[in-house]
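Chain by chain, the residues:
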Amino acid sequence: MSFRATVLTLYPDMFPGHLGHSLAGRALERGDVSIEAVNIRDFATDRHRSVDDTPAGGGAGMVIRPDVLATAIDAVSPRDDSRPRLLMSPRGRPLTQARVRELAEGPGAVIVCGRFEGVDQRVIEARDLEEVSIGDYVLSGGEPAALTLLDAVIRVLPGVMGNAQSGTQESFETGQLEHPHYTRPQVFEDREIPAVLTSGNHKAIEAWREAESLRLTRARRPDLLEPDETP
Ligand code: ADE
């Protein structure tokens, strides 16, 4: 089964972007994943092809019209489409590796990229859009967030990563940050590879990696070590 992504955007040229290269690029070529970018503006009805309007109640910026966006969603995702409909938004639930894995196990996703100040609340409710944030900062549009989400999903699709183990050992799969990595040369600008890593003692190497992983997690992301306090 392949993962089918349909992206609704005002900037379809931004897709597939970096996903056309490397690991994701090969998954696209094999047909393990497809990414279709659809221009929301194609569903505008007035002669100016407008997709946005001023916010009710006043204030800065523009809001994407619910009628135009709903027509676009219905055109790419009929009622019997079982794919989740996501809206990239800084006020969404934070994206997690667990949600990434769930999405990758499903048939695909319809991903709406917001622009301007946002999207009319009524279309979010009427089309059951799941708001997703990629982090606590504000982008000028949802497109880089959609590319980020798709990148994370594609690399965990079955058969995409070379080595089956290399996904699950990483940060957020283990619940801790990854230990540091080294490769040749043995000495770089007077810095040596930690001796344990070249000792051949696999037990000692594993213990060193675990200790480093815990040390980094305590220093940088203590929240990952605390019991889950979210409701
Ligand atoms: N659009 C703008 N900022 C965003 C964010 N942090 N996450 C997802 N979509 C966004």
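Per chain, residue numbering runs from 1 following the sequence as it is written. Per-residue local features of the predicted model are confined to residues with pLDDT of at least 70, and side-chain atom pairs are confined, for both listing and counting, to 80 or more; whole-chain, interface and lining totals are unaffected and use all residues. For the side-chain quantities, the full set of heavy atoms in the structure was used; hydrogens and water were omitted.

### A short note on the sheet that holds strand β6 (residues 108–113)
Only strands joined by at least two bridges in the DSSP assignment are considered to pair. Put simply, DSSP marks the helices as runs of H or I at least four residues long and the strands as runs of E at least two long, and each gets a number from the N terminus on. One open sheet holds the five strands; their spatial order is β2-β1-β6-β5-β8, and the pairing between them is parallel. Either end of the sheet is taken by a strand with one partner, and the two such strands are β2 (33–39) and β8 (130–133). Ignoring strand direction, the axes of neighbouring strands in this sheet form an average angle of 35 degrees. With seven bridges joining them, strand β1 (residues 3–9) and β2 adopt parallel strand pairing. Considered in β2, the bridge of Ala-5 is made with Ile-35. Inter-axis angles, ranging from 0 to 180 degrees, are taken between N-to-C directions of lines fitted to C-alpha atoms, where helices are fitted over the stretch in contact.

### Here we look at the site of the ligand
Any residue with a heavy atom positioned within 4 Å of a molecule or strand is treated as near that molecule or strand. Taken together, Met-88, Ser-89, Pro-90, Val-132, Ser-133, Ile-134, Gly-135, Tyr-137, Val-138, Leu-139, Gly-141 and Ala-145 make up the full set of residues near the ligand. In this structure, a nitrogen atom belonging to the ligand sits 3.1 Å away from a main-chain N or O atom of Gly-135. Accessible surface area values rest on a Shrake-Rupley calculation with a 1.4 Å probe, where residue burial reflects the displayed protein chains alone. Considering the ligand on its own, with 260 Å² of exposed area, one finds that the protein chains cover 97% of that surface. The leading source of residues in the shell around the ligand is strand β5 (residues 85–94), at three residues. Split by residue class, the shell around the ligand holds eight nonpolar, four polar and no charged. We define a polar contact as two N or O atoms separated by no more than 3.5 Å, with the added condition that, inside protein, one atom must be a possible hydrogen donor and the other a possible acceptor, whereas residues neighbouring each other in sequence contribute only through side-chain atom pairs. Charged residues are taken to be Asp, Glu, Lys and Arg, nonpolar residues to be Ala, Val, Leu, Ile, Met, Phe, Trp, Tyr, Cys and Pro, and polar residues to be all remaining types, Gly included.

### Notes on the pairing of β1
Residue burial is assigned from relative accessible area. The probe radius is 1.4 Å, only protein chains are included, and a residue is buried under 20% of its type maximum, exposed over 50%, and partly exposed in between. In terms of residue burial, β1 counts as a mostly covered element, since six of its seven residues are buried. If you view a crossover with the strands going away from you and the path from the first strand over the helix to the second runs clockwise, you call it right-handed. Once you follow β1 into helix α1 (residues 22–30) and on to β2, the crossover reads as right-handed. Across five bridges, β1 lies against β6 in parallel orientation. Note that in β6 the partner of Ala-5 across the bridge is Ala-109.

### Points about the sheet that holds strand β3 (residues 52–53)
Each strand in a sheet pairs with another by means of backbone hydrogen bonds, the pair being arranged parallel or else antiparallel. The three strands lie next to each other as β3-β4-β7, forming an open sheet whose pairing is mixed. In this open sheet, the two edge strands, each paired with only one partner strand, are β3 and β7 (118–119). Judged from the two bridges that link them, β3 and strand β4 (residues 63–64) form a sheet pairing that is antiparallel. Across the sheet, Asp-52 pairs through a bridge with Ile-64, a residue of β4.

### Notes on the UniProt feature "binding site: S-adenosyl-L-methionine" (unreviewed entry) in the protein chain
Using the residue numbers shown here, the UniProt feature "binding site: S-adenosyl-L-methionine" (unreviewed entry) corresponds to Gly-114, Ile-134, Gly-135, Asp-136, Tyr-137, Val-138 and Leu-139. Checking the annotated residues one by one, the ones that line the second largest pocket turn out to be Gly-114, Ile-134, Gly-135, Tyr-137, Val-138 and Leu-139. Tracing the backbone through its elements, the reader meets Gly-114 in the loop between β6 and β7. A relative accessible area of 12% places Gly-114 in the buried class. UniProt positions are given in the numbering used here, feature names are shortened, and annotations may be inferred rather than shown by experiment. We place a 1 Å grid over just the protein atoms. Points where a 1.4 Å probe fits but has no way out form a cavity, open points with protein on both sides within 12 Å along at least 5 of 7 lines form a pocket, and any residue with an atom within 4 Å of a point lines it.

### Re the pattern of salt bridges
By convention in these notes, a salt bridge is any Lys or Arg side-chain nitrogen within 4 Å of a carboxyl oxygen on Asp or Glu. With the rule as written, the count across this model stands at 11 salt bridges. Residue Arg-83 pairs with Asp-81 through a salt bridge whose shortest N-O separation is 2.9 Å. The exposure classification of Arg-83 matches that of Asp-81, with both residues buried. Taking the shortest distance from any N to any O, the salt bridge between Arg-221 and Asp-223 comes out at 2.9 Å. Exposure remark for Arg-221: the relative accessible area of 29% places this residue in the partly exposed category.

### Observations regarding the packing of aromatic side chains
To pair, rings of Phe, Tyr and Trp, with the six-membered ring standing in for Trp, must have centres within 6.5 Å; the planes then decide the type, stacked if under 30 degrees apart, edge-to-face if over 60, and tilted in the middle. Summed over the entire model, instances satisfying the criterion amount to one aromatic pair. Centre to centre, the rings of Tyr-182 and Trp-208 are 6.4 Å apart; their planes meet at 55 degrees, and the pair counts as tilted. Here Tyr-182 is found in the loop between α5 (143–154) and β9 (187–188), whereas its partner Trp-208 is found in helix α6 (residues 202–220), with 26 residues between them in sequence.

### Points about the side chain of Thr-217
In this fold, Thr-217 is placed in helix α6. At 2.6 Å, the side chain of Thr-217 and the backbone oxygen of Ser-213 are in polar contact. With near-sequence residues (within four places) excluded, Thr-217 lies in contact with Gln-176, Leu-177, Pro-222, Leu-224 and Leu-225. Contacts between residues were defined by any pair of non-hydrogen atoms, one from each residue, lying within 4.5 Å.

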